[in-house]
Amino acid sequence: MVSTFGILIGSKIYRWGLDGVYGVRLYAVKIDQERMYLTFGDAAQTMRVELLHGMTQKQAVLDAAQKLWYETGVTADITGW
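Note that this is a predicted model, so its numbers are computed, not measured.

Caption draft 1: The sheet that holds strand β7 (residues 77-78), seen in detail. With respect to topology, four strands assemble into an open sheet ordered β6-β5-β4-β7, the strand pairing being mixed. Edge positions in the sheet fall to β6 (46-52) and β7, since each has one partner strand and no second. Strand direction decides the pairing type here: strand β5 (residues 35-41) and β6, joined by seven bridges, are antiparallel. In the sheet register, Gly 41 faces β6, and the bridge partner there is Thr 46. Lying on the sheet, helix α1 (residues 58-72) is in contact with β4 (25-31), β5 and β7; it crosses β4 at an angle near 165°.

This is how it looks when you write it as structure tokens:
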């Protein structure tokens, strides 16, 4: 599960922006026609997650990118649309 505030992977929750400059931060978002790629982490570890998104309309992708930018300040790289 992913939201603009974090991601749940298995039983572990990664919340970006919660612990200030030393906590987990969302660094990059890339969205193509099939997947959304999220790069996030802290000073000790960086992770990249690939998610199948199921969005079929370009406007839905643009809306998701806008929401991510508004909530996190990260501009999504949109390719293939």
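Caption draft 2: Expanded view of the confidence of the model for the protein. When pLDDT is averaged along the protein, the result is 88, and 93% of the positions lie at 70 or above. Mean pLDDT per element in the protein: strand β1 (residues 2-3) is the minimum at 64, and β7 is the maximum at 97.

Caption draft 3: Expanded view of the packing of aromatic side chains. Under the defined criterion, the tally for this structure stands at two aromatic pairs. Ring centres of Tyr 14 and Phe 40 lie 5.4 Å apart, and the angle between their planes is 55°; on these two criteria the pair is classed as tilted. Of this pair, Tyr 14 sits in strand β3 (residues 12-15) while Phe 40 is found in strand β5, placing the two residues 26 residues apart along the sequence. Where Trp 16 meets Phe 40, the ring centres are 5.3 Å apart and the plane angle is 55°; that geometry is what we call tilted. With Trp 16 in the loop between β3 and β4 and Phe 40 in strand β5, this pair connects stretches of sequence that are 24 residues apart. The pair Trp 16 / Phe 40 is uniform in exposure class, with both members buried.

The rules behind each value
Residues numbered from 1 in each chain as written. Predicted model: local features only at pLDDT ≥ 70, side-chain atom pairs only at ≥ 80, totals over all residues. Heavy atoms only, no water. Pairing = 2+ DSSP bridges. Helix = DSSP H or I, 4+ residues; strand = E, 2+ residues; numbered from the N terminus. Contact = heavy atoms within 4.5 Å. Axes fitted to C-alpha atoms, helices over the stretch in contact; angles between N-to-C directions. pLDDT = per-residue confidence, 0-100. Phe/Tyr/Trp six-rings, centres within 6.5 Å; stacked < 30°, edge-to-face > 60°. Buried < 20%, exposed > 50% of the residue type's maximum accessible area, 1.4 Å probe, protein only.

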